[in-house]
Amino acid sequence: MWNKIKRLLAPPVFAGDGEKTRVAALLNAILWIFIAICIAAAPIFFFLPNPELSFPLVGIIILANAGLMWLMRRGHASVASLLFLVSLWLLMTAVCLFLGGTYSATYWGFIVVVVAAGLLLGGRGATTFAGLSVVAALGIALAQTCLLYTSPSPRDRTRSRMPSSA
C-alpha cells in the first residue's frame, strides 16, 4: 500500500531528458501542493459568504490539477506547465477583478506566476508572463483610477458596516 502511494506521489522520470525530468519534478510538487491546499482549506469555505460557489471551484481546481498530472506523466511536461501557468494567471486575474482589485492581496500574486514561469518554462516564459501580469495589473489599476471599474475595497466594507450618524 505504501509503495502505491509513493509511486502516485513521485514525479515521472524521463530517461535521457534531464530538463524534462526537472520540469516534471517541479510541476509534480506544485500540483500536489495545490491539491493539498485545496483539501486543507475546504472546511474554511463553510464560513465564506457563498460556499455553494467555493466548493465547485475547489473541485474544478483539483480535477484540473489531476488532468495536468496525467498529461505530465504522458510525457507532455512543458504543455502541462504552460496550461498550469495560464490557468494560474487567469485565476489570479479573476480574483483581483472580483475580490478587491488593487486592494486584493492576490494583486501581488502575479509575482508568484512569473517566478513559477521562470522555473517551469525558463527565461522566455518568465518574460512572457511578466508582460501579461504587468498589463493585467496596470489595466486593473487604471480601470479603478478612471472609475471604469469599482471594486470592493477594505475601506468601503468598513464604511458600509458603520452606523450612520444621521
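Reading the values: the criteria
Residues numbered from 1 in each chain as written. Predicted model: local features only at pLDDT ≥ 70, side-chain atom pairs only at ≥ 80, totals over all residues. Heavy atoms only, no water. 1 Å grid on protein atoms, 1.4 Å probe; cavity = no way out; pocket = protein on both sides within 12 Å on 5 of 7 lines; lining within 4 Å. Points joined across faces, edges and corners; volume = space filled by probe spheres on them. Helix = DSSP H or I, 4+ residues; strand = E, 2+ residues; numbered from the N terminus. Buried < 20%, exposed > 50% of the residue type's maximum accessible area, 1.4 Å probe, protein only. Contact = heavy atoms within 4.5 Å.

A. Highlighting the layout of surface pockets. Volume-wise, the largest pocket comes out at about 1,100 Å³. What lines the largest pocket is a set of 31 residues, and nearest its centre among them are Phe45, Leu57, Ile61, Leu91 and Val95. Those elements that provide at least two residues to the lining of the largest pocket are helix H2 (18-41), helix H3 (51-73) and helix H4 (77-98).

B. Representation of the side chain of Thr21 within the structure. Checked against the element boundaries, Thr21 lands in helix H2. Using a relative accessible area of 18% as the deciding quantity, one classes Thr21 as buried. Discounting residues that sit within four places of it in the chain, Thr21 has contacts with Pro12, Val13 and Phe14.

C. View of the environment of Leu85. When you line up the elements, Leu85 lands in helix H4. A sequence separation of 36 residues divides Leu85 from Leu121, and the C-alpha atoms of the two residues are 9.4 Å apart. When near neighbours in sequence (up to four residues on either side) are disregarded, Leu85 contacts Val113, Ala116, Ala117, Leu120, Leu121 and Phe129.

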